[in-house]
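Below are the chains, spelled out letter by letter.
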Amino acid sequence: MIARGLLPYDNAKRAVREALRSRRRIAICGDLARTSGLLEDYQALQQVLAPVSKAVPVAMALGNHDDRDNFLKVFGAPSW
């Protein structure tokens, strides 16, 4: 899906590949969901992050388009 001329899903997959290659940590700062924090948004993000989430630390911060309840349904409570 194209959003404002960008391909966020493709960009996320590319970032995951780079993180796996370089063994770097990942930080996603805000707006983990596309527009309104649908459950499906977080399920898609979880799929994209699956290859890297076991290899390197992943930190995520919710933004104004996120829905905390739906996020927690998919990712669970923070592990900090």
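Refer to the preceding data block for the structure.
As the structure is a computational prediction, the values presented were derived from the model and not from experiment. Starting afresh in each chain, residues are numbered from 1 along the sequence in its written order. Where totals are concerned, whole chains, interfaces and linings use all residues; where local detail is concerned, this predicted model gives features only for residues with pLDDT of at least 70, and gives and counts side-chain atom pairs only at 80 or more. Only hydrogens and water are set aside when side-chain values are computed; all heavy atoms of the structure are taken into account.

S.K.: Run through the overall build of the protein, naming residues and quoting values.
M.R.: For the purposes of this entry, the term helix denotes a DSSP run of H or I that reaches at least four residues, the term strand denotes a run of E that reaches at least two, and both are numbered from the N terminus. From N to C terminus, the protein includes three helices and two strands. For the radius of gyration, the atom set is restricted to C-alpha positions; the globular benchmark scales as 2.2 Å times the number of residues to the power 0.38. Against the compact-globule benchmark of 12 Å for 80 residues, the protein has a radius of gyration of 12 Å, which places it among compact chains. Reported as C-alpha extents along the three principal axes, the dimensions of the protein are approximately 35 × 30 × 20 Å. Each residue's exposure class comes from its accessible area (1.4 Å probe, protein chains only) as a fraction of the maximum for that residue type: buried when under 20%, exposed when over 50%, partly exposed otherwise. Residues classed as buried in the protein amount to 22% of the 80 residues present. Should any heavy atoms of two residues lie within 4.5 Å, those residues are considered in contact. Contacts in the protein between residues far apart in sequence, at least 24 positions, make up 76% of those at least 6 positions apart.

S.K.: Can you tell me about the environment of Arg17, naming the residues and giving the values?
M.R.: Among the secondary structure elements, Arg17 is positioned in helix 1 (residues 8-22). Classification of Arg17 as partly exposed rests on a relative accessible area of 45%.

S.K.: Break down the pairing of strand 1 (residues 26-29) for me, with residues and values.
M.R.: Relative to strand 2 (residues 58-61), strand 1 is paired through four bridges, and the arrangement is parallel. What sits directly across from Ile26, in strand 2, is Val58. Two strands pair if DSSP finds at least two bridges between them.

S.K.: Tell me about the pattern of salt bridges, and name the residues and values.
M.R.: By definition here, a salt bridge exists when the distance from a side-chain nitrogen of Lys or Arg to a carboxyl oxygen of Asp or Glu is within 4 Å. In this structure the tally under the stated criterion is one salt bridge. The partner of Arg21 in a salt bridge is Glu18, and the shortest N-O contact between them spans 2.8 Å. Within this pair, Arg21 and its partner Glu18 are both found in helix 1, separated by three residues, close to a single helical turn. Look at Arg21 and you get exposed, because its relative accessible area is 61%. On the basis of relative accessibility, which here comes to 38%, the residue Glu18 falls in the partly exposed class.

S.K.: Lay out the nonpolar core with the relevant residues and their values.
M.R.: Working definition of a nonpolar core: buried Ala, Val, Leu, Ile, Met, Phe, Trp, Tyr and Cys residues. They are joined through side-chain atoms within 4.5 Å. Among the nonpolar cores identified, the biggest contains 13 residues, and Val16, Ile26, Leu32, Tyr42, Leu49 and Val52 are the most heavily contacted of them. Element by element, the count of residues in this core is highest for helix 2 (residues 39-53), at five residues.

S.K.: Mind laying out unusual backbone geometry, listing which residues take part and the relevant values?
M.R.: Notably, Asp31 is not glycine yet its phi reads approximately 50°, a positive angle. Counting through the fold element by element, Asp31 comes out in the loop between strand 1 and helix 2. You can call Asp31 partly exposed: its relative accessible area is 34%.

S.K.: Provide a residue-level description of the layout of surface pockets, including the pertinent values.
M.R.: There is about 510 Å³ of room inside the second largest pocket. Points on a 1 Å grid over protein atoms alone make up a cavity when a 1.4 Å probe fits among them but cannot get out, and a pocket when they form an open set with protein on both sides within 12 Å along at least five of seven lines; lining residues each have an atom within 4 Å of a point. For the second largest pocket, the lining is made up of 19 residues, of which Val58, Met60, Phe71, Pro78 and Ser79 are closest to its centre. Grid points are joined across faces, edges and corners, and a volume is the space filled by probe spheres set on the points.

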